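Each chain, letter by letter, is given below.
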Amino acid sequence: MNLRSIKLTSSFLAALFISSVCGTQYLFSAYSTSLAERLDFSSVEVNTIGSAANYGVYLCKPLFGYIADNYGGRRTTFIASFGIFLGYFCLAMTYNGNFSDSSFLLCALYVFIAGMASSAGLVSSLVTIAKNIKSFRGIAFGAPIALFGLSAAIYSEINTLWFKKDTYHFLLFIAISSGVCMFIGSWFLVVVPPPNNQDEIVVEEEGCSSHVTSKVNTVGKSDKSENTPLLNKVKEEVDIGGWDLFYNHDAKVLAMSMFFIAGTGLMYINNVGSIIKSLYFASSTHPHTTLPNSEDNSSSSHIQELQNMHVFFLSVFSCIGRLSVGVISDLAGLLFNLPRLWFFIISGFWLFLAQLLILFYVNDLDKLLIVTILVGFGFGNLYAIGPTIVSEWFGTKRFGLNWGMIACIPAFGGQLFNLLFGFNNDQHQHHHCLGQNCYDSVFYISAFACLFSICISLRLLYTKKIENN
């Protein structure tokens, strides 16, 4: 194995290492109820904190994509390692009462900083992989994206095994471990230049027109007949981005569907802890006179274990969804000429089914697990198929910026549905509600939102089919 191969391997492993600690925002529901109880936050305030983490991750993707493209992923990840440590460290200090100000807005700022750092780490890893690996890109991209989805499962299992109810030390552990992993990984996250005789070929594959021209001119000196077809290929390549993307009908439908489908998924992910708590105290083994505000230590410990279990399943099935949909959609396209948009619609169907089950089927904790599995799998499908569709519909030249802009949309959807859930929950808490009555109203809205997204996506599928014919 030569030096270049060693550098490529170590850089790819570093990208996987970094990605495995970049999905900690999905861990929020594992400690959200403890945070609310210790600092006396309302449901709306807790949901604002959860949304801030999502904002940090989603809204900063275009920015960090641009920075990583122009200034390198190593430097970006190096700085991000301090950001993620600072965010979770300050949250832990606030939780423990070490800071005099325990405002929920400051907590929201801390998780926003951690979310930004997570976004920087993941985007830097993907940008580095894109520049280093020119074949088998589906697997190359699928691995870090899957580990990103799996990181919450890793941490939730660590929380169950080592920390139990000790939220303060668990938050400190997240701060130190994620910061150290990103710091170490940043030293090995390098772009490895291609061999001299492959420089032009590699650049051509990346779709960079200026470098392709260089390739063409070089070839043209020896074989002019090969020049024209290559130029035609470059001219015909799809390149939609910038303001054109905002006015593109397909992009608007895709973004609107992402807003509702991903927004409902984020609502469940951030609030599954509250749902577990409501169902726990409504179960037959707990009298209705026992209210969540008066839980004993054994109940609190059991609730924490259940929350960790659901976070684990969310993360694992999100990982499975991310890995599987790319392979299946490739095979379906190859064997049956099935458009990838079908799999985007199917991801919405999984989330729609989850909303229906929580409304009409789930009345105890044992039945809630199937909803968690469907949400995790559907959410994973959505975030694996989404960037592939964007690259195919709008081209690869400005893919980072295009996907970054569309990937921002779920943050707003998550904020909307989180606020709806929090407002609804606060209203019901005044009446000491238990079980489904605490949250079912908002799931009627989210179910309709998913159905609406499926319908407009099906219409887009029909329109594109007519255009292609």
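- The name recorded for the protein in an unreviewed UniProt entry is MFS general substrate transporter, from Rhizophagus irregularis.
- The heading Subcellular location (unreviewed entry) in the UniProt record of the protein holds the text "Membrane".

**What to know about the nonpolar core**
Item 1. Core analysis: the largest hydrophobic core is formed by 125 residues, its most contacted members being Tyr268, Ile358, Leu368 and Phe443.
Item 2. Examining the composition of this core, we find that 18 residues originate from one element, helix 13 (residues 249-282), more than from any other.
Item 3. The two domains that each donate at least three residues to this core are domain 1 (9-192) and domain 2 (238-288 + 296-468).
Item 4. When residues no more than four places from it in sequence are discounted, the contact partners of Tyr268 are Ile275, His310, Leu314, Ile358, Leu368, Val371, Thr372, Val375 and Phe443.

**Thoughts on the pattern of salt bridges**
Item 1. Going through the model one piece at a time under the given rule, you end up with two salt bridges.
Item 2. With a closest N to O distance of 2.9 Å, Asp250 and Lys464 form a salt bridge. In this pair, Asp250 is assigned in helix 13 and Lys464 in helix 18 (residues 440-468), connecting sequence segments 214 residues apart.
Item 3. By relative accessible area, which is 16% here, Asp250 ends up buried.

**Remarks on the packing of aromatic side chains**
Item 1. Under the counting rule described, the total for this entry stands at 25 aromatic pairs.
Item 2. Ring geometry for Phe41 versus Phe104: centroids 6.4 Å apart, planes at 70°, classification edge-to-face. On the criterion of sequence distance, the pair formed by Phe41 in the loop between helix 2 (28-39) and helix 3 (43-59) and Phe104 in helix 6 (residues 104-132) is long-range, its members being 63 residues apart.
Item 3. Among the residues examined, Phe41 registers a relative accessible area of 11% and is labelled buried.
Item 4. Relative to Phe173, the ring of Phe163 lies with its centre 5.5 Å away and its plane at 45°, an arrangement referred to as tilted. With Phe163 in helix 7 (residues 137-163) and Phe173 in helix 8 (residues 167-188), this pair connects stretches of sequence that are 10 residues apart.
Item 5. Members of the aromatic cluster, connected to one another through ring pairs, are Tyr155, Trp162, Phe163, Phe170 and Phe173.
Item 6. Over the ring of Tyr95 we find Arg38, and its NZ or CZ is 4.3 Å from the ring centre.

**Some words on the packing of helix 3 against helix 13**
Item 1. Two elements in contact, helix 3 and helix 13, have axes whose closest approach is 10 Å; the angle formed by their N-to-C orientations is 130°. Taken together, the axis directions place helix 3 and helix 13 in an arrangement best described as oblique. Crossing of helix 3 over helix 13 shows right-handed handedness. Here helix 3 contributes Asn47, Gly50, Ser51, Asn54 and Tyr58 to the contact with helix 13, which in turn contributes Leu266, Asn270 and Asn271.
Item 2. In terms of residue class, the contact of helix 3 with helix 13 is built from two nonpolar, six polar and no charged.

**Quick notes on the side chain of Gln25**
Item 1. For Gln25, the position within the fold is in the loop between helix 1 (3-19) and helix 2.
Item 2. Ignoring sequence-local partners within four residues, the contact set of Gln25 consists of Ala53, Asn54, Val57, Tyr88, Ser118 and Phe148.

**Things to note about a nonpolar patch on the surface**
Item 1. Taken together, the side chains of Phe17, Phe82, Phe85, Leu86, Ile176, Val180, Phe183, Ile184, Trp187 and Phe188 make up a nonpolar region of the molecular surface, amounting to roughly 930 Å² of accessible area.
Item 2. Broken down by secondary-structure element, the contributors of at least two residues to the nonpolar patch are helix 5 (73-95) and helix 8.
Item 3. Looking at which element gives the most residues to the nonpolar patch, the answer is helix 8, with six residues.
Item 4. When its relative accessible area of 39% is taken as the criterion, Ile184 is described as partly exposed.

**Description of the packing of helix 2 against helix 5**
Item 1. The geometry of helix 2 relative to helix 5 is characterised by a closest axis approach of 10 Å and an angle of 45° between their N-to-C directions. With respect to helix 5, the element helix 2 is oriented oblique. Contact residues: Tyr31, Ser34, Leu35, Arg38 and Leu39 in helix 2; Tyr88, Leu91, Thr94 and Tyr95 in helix 5.
Item 2. In terms of residue class, the contact of helix 2 with helix 5 is made up of six nonpolar, two polar and one charged.

**Some words on helix 13**
Item 1. Taking 1.5 Å per residue as the helical rise, helix 13 with its 34 residues ought to reach 50 Å, and the 47 Å between its terminal C-alpha atoms agrees with that figure.
Item 2. At Asn271, helix 13 shows its maximal bend, which comes to roughly 60°.
Item 3. Taking burial as the measure, the 34 residues of helix 13 include 29 buried ones, the bulk of the element.
Item 4. At the N-terminal end of helix 13, a side-chain oxygen is found 3.0 Å from the backbone nitrogen of Asp250, two or three residues along, and the residue is Asn248.

**Digging into the side chain of Lys464**
Item 1. By relative accessible area, which is 18% here, Lys464 ends up buried.
Item 2. Among the polar contacts listed, one links the side chain of Lys464 to the side chain of Asp250, at a separation of 2.9 Å.
Item 3. For Lys464, the residues in contact, after removing those within four places along its chain, are Asp250 and Trp393.

Rules used throughout
- Residues numbered from 1 in each chain as written.
- Predicted model: local features only at pLDDT ≥ 70, side-chain atom pairs only at ≥ 80, totals over all residues.
- Heavy atoms only, no water.
- UniProt positions renumbered as here; feature names shortened; annotations may be inferred.
- Core = buried A, V, L, I, M, F, W, Y, C linked by side-chain atoms within 4.5 Å.
- Buried < 20%, exposed > 50% of the residue type's maximum accessible area, 1.4 Å probe, protein only.
- Helix = DSSP H or I, 4+ residues; strand = E, 2+ residues; numbered from the N terminus.
- Domains from an automatic or database assignment.
- Contact = heavy atoms within 4.5 Å.
- Salt bridge = Lys/Arg side-chain N within 4 Å of Asp/Glu carboxyl O.
- Phe/Tyr/Trp six-rings, centres within 6.5 Å; stacked < 30°, edge-to-face > 60°.
- Lys NZ or Arg CZ within 6 Å of the ring centre and 35° of its normal.
- Axes fitted to C-alpha atoms, helices over the stretch in contact; angles between N-to-C directions.
- Parallel < 35°, antiparallel > 145°, perpendicular 65-115°, else oblique.
- Left-handed = near helix turned anticlockwise from the far one by under 90°.
- Nonpolar A, V, L, I, M, F, W, Y, C, P; charged D, E, K, R; others polar.
- Patch = residues over 30% accessible without salt bridge, like charges linked within 9 Å, V, L, I, M, F, W, Y side chains within 5 Å.
- Areas by Shrake-Rupley, 256 points an atom, 1.4 Å probe, with all protein chains shown as cover.
- Expected span 1.5 Å × (residues − 1).
- Bend = angle between axes of the 7 residues up to and from the residue.
- Polar contact = N/O pair within 3.5 Å; in protein donor to acceptor, adjacent residues only side chain to side chain.

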